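One-letter residues, chain by chain:
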Amino acid sequence: MRSHQPDDLFDEQGRLKPELQALAPQGDKRMGASPYANGGLLRRELDTPDIAEFAFDTGEPGSQMEQATEQLGRYLRVLFERNHDNFRLFGPDETASNRLTPVFDATSRTWLEAIEPYDEQLARDGRVMEILSEHECQG
């Protein structure tokens, strides 16, 4: 631990030296106080469709073959269409395997690496964020 030179960082009482404390951001420059990180300062209401428009007519039990998550994908597609700059979809799994593919009629997956001709639904400005790491999502 001595290789980290703690004497340069802390005083005799073990407190961070004042000149280092002064480097910490103040006011809304602090991470938790930034309007971009503070969940509410920049929040806007979503323009949402009437959910009743997406209801299934179930009829008799077993008479319909519908997928609830695909219908949810249709609802989310309309959310994307109505909220071009204030709605994103974050998922801990592959969007298509969860039957949410209708969202790709309105947006793509966000992608910052090279996009190859064989890639599907990838774009720099995509608004679907797939995080294929359960560990990261838990964090």
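Just so it is clear, the model here is predicted, and its values are computed rather than measured.

Here is what the cut-offs are and how they apply
Residues numbered from 1 in each chain as written. Predicted model: local features only at pLDDT ≥ 70, side-chain atom pairs only at ≥ 80, totals over all residues. Heavy atoms only, no water. Helix = DSSP H or I, 4+ residues; strand = E, 2+ residues; numbered from the N terminus. Rg over C-alpha atoms; globule rule 2.2 N^0.38 Å. Contact = heavy atoms within 4.5 Å. Buried < 20%, exposed > 50% of the residue type's maximum accessible area, 1.4 Å probe, protein only. Core = buried A, V, L, I, M, F, W, Y, C linked by side-chain atoms within 4.5 Å. Salt bridge = Lys/Arg side-chain N within 4 Å of Asp/Glu carboxyl O. Phe/Tyr/Trp six-rings, centres within 6.5 Å; stacked < 30°, edge-to-face > 60°. pLDDT = per-residue confidence, 0-100. Expected span 1.5 Å × (residues − 1).

## A word on the overall build of the chain
Consideration 1: Of regular secondary structure, the chain possesses three helices and four strands.
Consideration 2: In the chain, the order of α-helices and β-strands from amino to carboxyl end is α-α-β-β-β-β-α.
Consideration 3: Relative to the 2.2 N^0.38 estimate, which gives 14 Å for 139 residues, the radius of gyration of the chain is 23 Å and therefore markedly larger than a compact globule would have.
Consideration 4: For the chain, contacts bridging at least 24 residues in sequence account for 47% of all contacts bridging at least 6.

## Topic: the side chain of T95
Consideration 1: Here T95 lies in the loop between β1 (89-91) and β2 (109-110).
Consideration 2: Owing to a relative accessible area of 6%, T95 belongs among the buried residues under this scheme.
Consideration 3: Ignoring any residue separated from it by four or fewer positions in sequence, one finds T95 in contact with L89, L100, T101, V103, F104, V128 and E130.

## A word on the nonpolar core
When a protein is soluble and globular, its nonpolar side chains tend to lie buried together.
Consideration 1: Formed by F54, Y75, L76, V78, L79, F80, F87, L89, L100, V103, F104 and V128, the largest nonpolar core amounts to twelve residues.
Consideration 2: Considering each element in turn, this core owes the most residues, five residues, to helix α2 (residues 68-82).

## So, the pattern of salt bridges
Consideration 1: Enumeration over the complete set of coordinates arrives at eight salt bridges.
Consideration 2: With its nearest N and O atoms 3.6 Å apart, the salt bridge here joins D11 to R15.
Consideration 3: The partly exposed category is assigned to D11, whose relative accessible area is 22%.
Consideration 4: D105 is the partner of R77 in a salt bridge, and the nearest nitrogen-oxygen pair spans 3.7 Å. Of the two residues, R77 sits in helix α2 while D105 sits in the loop between β1 and β2, which places them 28 residues apart along the sequence.
Consideration 5: Judged by its relative accessible area of 60%, D105 falls in the exposed class.
Consideration 6: A cluster of three or more residues bridged by salt bridges with shared partners is formed by R77, E81 and D105.

## Quick word on the packing of aromatic side chains
Consideration 1: Following the criterion strictly, the structure yields two aromatic pairs and no others.
Consideration 2: Taking the centre distance of 5.3 Å and the plane angle of 90° together, the rings of F54 and Y75 count as edge-to-face. Taken together, the residues F54 in the loop between α1 (18-21) and α2 and Y75 in helix α2 connect sequence positions 21 residues apart.
Consideration 3: Take F54: its relative accessible area is 15%, and that puts it in the buried class.

## Section: the confidence of the model for the chain
Consideration 1: Predicted confidence across the chain gives a mean pLDDT of 89, with 97% of residues reaching 70 or more.
Consideration 2: When the elements of the chain are averaged for pLDDT, helix α3 (residues 134-138) gives the smallest value, 68, and α2 the largest, 95.

## Notes on α2
Consideration 1: Between its terminal C-alpha atoms α2 stretches 21 Å, which fits the 21 Å expected from 15 residues at 1.5 Å a residue.
Consideration 2: What α2 keeps buried is the set Q71, G73, Y75, L76, V78, L79 and F80.
Consideration 3: Buried-residue contacts for α2 involve β1 and β4 (128-130).

## Some details on unusual backbone geometry
Consideration 1: With phi around 65°, R99 is a residue other than glycine that occupies positive phi space.
Consideration 2: On the secondary structure map, R99 appears in the loop between β1 and β2.
Consideration 3: Positioned with a positive phi, Q121 is a non-glycine residue whose angle comes to about 50°.
Consideration 4: With respect to the secondary-structure elements, Q121 resides in the loop between β2 and β3 (122-123).
Consideration 5: Classification of Q121 by relative accessible area gives partly exposed; the value is 32%.

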